[in-house]
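Residues per chain are reported as follows:
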Amino acid sequence: MTSATALYISENDNDGNAIATSIALWGDSTTTATRGLVTIRKIGTPATFLQVQITAALTDSGTWDQFTVAHVASGGTFSNSDPVAVSFERTGNVGATGPTGVTGPTGITGPTGITGATGVTGATGPSGSPLPRIASTASSATPTPDSTNTDEYILTAQAAAAAFGAPTGTVAVAVRSAAAAAAWRWRLLLQD
């Protein structure tokens, strides 16, 4: 009996009473893995018995029904035509889903990914204009601008007649008079 995997039962008891409606309830529990416990005991010899769990829904074969079962316990030996008493204990339905649990703590931060490749260097922008190089002299009778080191030559307080020497290159020249009554200023461009 320990190897039993199927239970076959008539839809009428030994007295001819129809019990199909009751038997149909044996497999309707929503706890589908173990729907109920069937105990079959030999009348007059209670030590001869078989207990099995119903593990699947009923298969209706007309005048008899079939269940898939798993052995639980047994004792003694049955013979054909033995009078037996059959009882059934139904497994309760699956309960309602409980509330969602609290959220667990945040996991640790993963390692930083590798740095991507450096992008291509952009085109070089245009060169800016250099600042002018300025030379300043208070007063000179022979000022001689030199573009080698000077872009702009300033006489800040010219008090003498000036005879400019031949310049080197192109130089801008600014002259301010030293006379208080004749404050004047002019600018010229000299080129050799």
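Heads up: these notes are all about the structure in this document. (Residues numbered from 1 in each chain as written. Predicted model: local features only at pLDDT ≥ 70, side-chain atom pairs only at ≥ 80, totals over all residues. Heavy atoms only, no water.)

This brings us to the nonpolar core. With eleven residues, the main nonpolar core is built from L7, I9, I23, W26, V38, I40, L50, V52, I54, F67 and V69. Where this core is concerned, the elements lending two or more residues are β1 (6-10), β2 (36-42), β3 (45-54) and β5 (64-75). Those residues in contact with V69 that lie beyond four places of it in its chain are A4, T5, A6, L7, V52, Q53, I54 and T55. (Core = buried A, V, L, I, M, F, W, Y, C linked by side-chain atoms within 4.5 Å. Buried < 20%, exposed > 50% of the residue type's maximum accessible area, 1.4 Å probe, protein only. Helix = DSSP H or I, 4+ residues; strand = E, 2+ residues; numbered from the N terminus. Contact = heavy atoms within 4.5 Å.)

Glancing now at the packing of aromatic side chains. A complete count under the given rule lists three aromatic pairs for this structure. Seen from their ring centres, Y8 and W64 are 5.5 Å apart, and the 55 degrees between their planes marks the pair as tilted. Remark: W64 occurs in strand β5 and Y8 occurs in strand β1; sequence separation between them is 56 residues. Here Y8 falls in the exposed class, since its relative accessible area comes to 52%. Ring centres of W26 and F88 lie 5.0 Å apart, and the angle between their planes is 15 degrees; this geometry places the pair in the stacked category. Taken together, the residues span a long stretch of sequence, with W26 in the loop between α1 (20-24) and β2 and F88 in strand β6 (residues 84-90) at a distance of 62 residues. (Phe/Tyr/Trp six-rings, centres within 6.5 Å; stacked < 30°, edge-to-face > 60°.)

Okay, the pairing of β2 next. Within β2, five of the seven residues are buried, which leaves it mostly tucked inside the rest of the structure. Pairing of β2 with β3 involves seven bridges; the strand directions are antiparallel. Bridging across to β3, I40 finds its partner in L50. Between the end of β2 and the start of β3, which pair antiparallel, lie two residues, with G44 showing a positive phi angle near 90 degrees. With seven bridges joining them, β2 and β6 adopt antiparallel strand pairing. Looking at the pairing, K42 lines up with V84 of β6. (Pairing = 2+ DSSP bridges.)

Only one face of β1 is buried: it carries L7 and I9, and the other face, with A6, Y8 and S10, is open. Sheet topology note: the β1/β5 ladder contains five bridges and is antiparallel. Across the sheet, S10 pairs through a bridge with W64, a residue of β5.

The general pattern is negative phi for most residues beyond glycine and trans for most peptide bonds. At S81, a position not held by glycine, the phi torsion is positive, near 75 degrees. When you line up the elements, S81 lands in the loop between β5 and β6.

This brings us to the side chain of S29. Position of S29 among the secondary structure elements: in the loop between α1 and β2. Among the residues examined, S29 registers a relative accessible area of 2% and is labelled buried. Only 2.9 Å separates the side chain of S29 from the backbone oxygen of T91, close enough to count as a polar contact. Not counting the four nearest positions on each side in its chain, S29 is found in contact with R35, R90, T91, G92 and N93. (Polar contact = N/O pair within 3.5 Å; in protein donor to acceptor, adjacent residues only side chain to side chain.)

On to the environment of T45. Along the chain, the position of T45 falls in strand β3. Here the alpha-carbon distance between T45 and G76, two residues 31 residues apart in the chain, equals 8.9 Å.

Turning to the pattern of salt bridges, a few remarks are in order. If you walk through the whole model with that rule in mind, you get two salt bridges. Put simply, D28 and R90 hold a salt bridge, and the shortest N to O gap is 3.1 Å. With a gap of 62 residues between them, D28 in the loop between α1 and β2 and R90 in strand β6 connect regions that are remote in the sequence. Residue R90 is classed as partly exposed on the basis of its relative accessible area of 40%. With its nearest N and O atoms 3.6 Å apart, the salt bridge here joins K42 to D82. Placement of the pair is K42 in strand β2 and D82 in the loop between β5 and β6, with a sequence separation of 40 residues. Classification of D82 by relative accessible area gives buried; the value is 19%. (Salt bridge = Lys/Arg side-chain N within 4 Å of Asp/Glu carboxyl O.)

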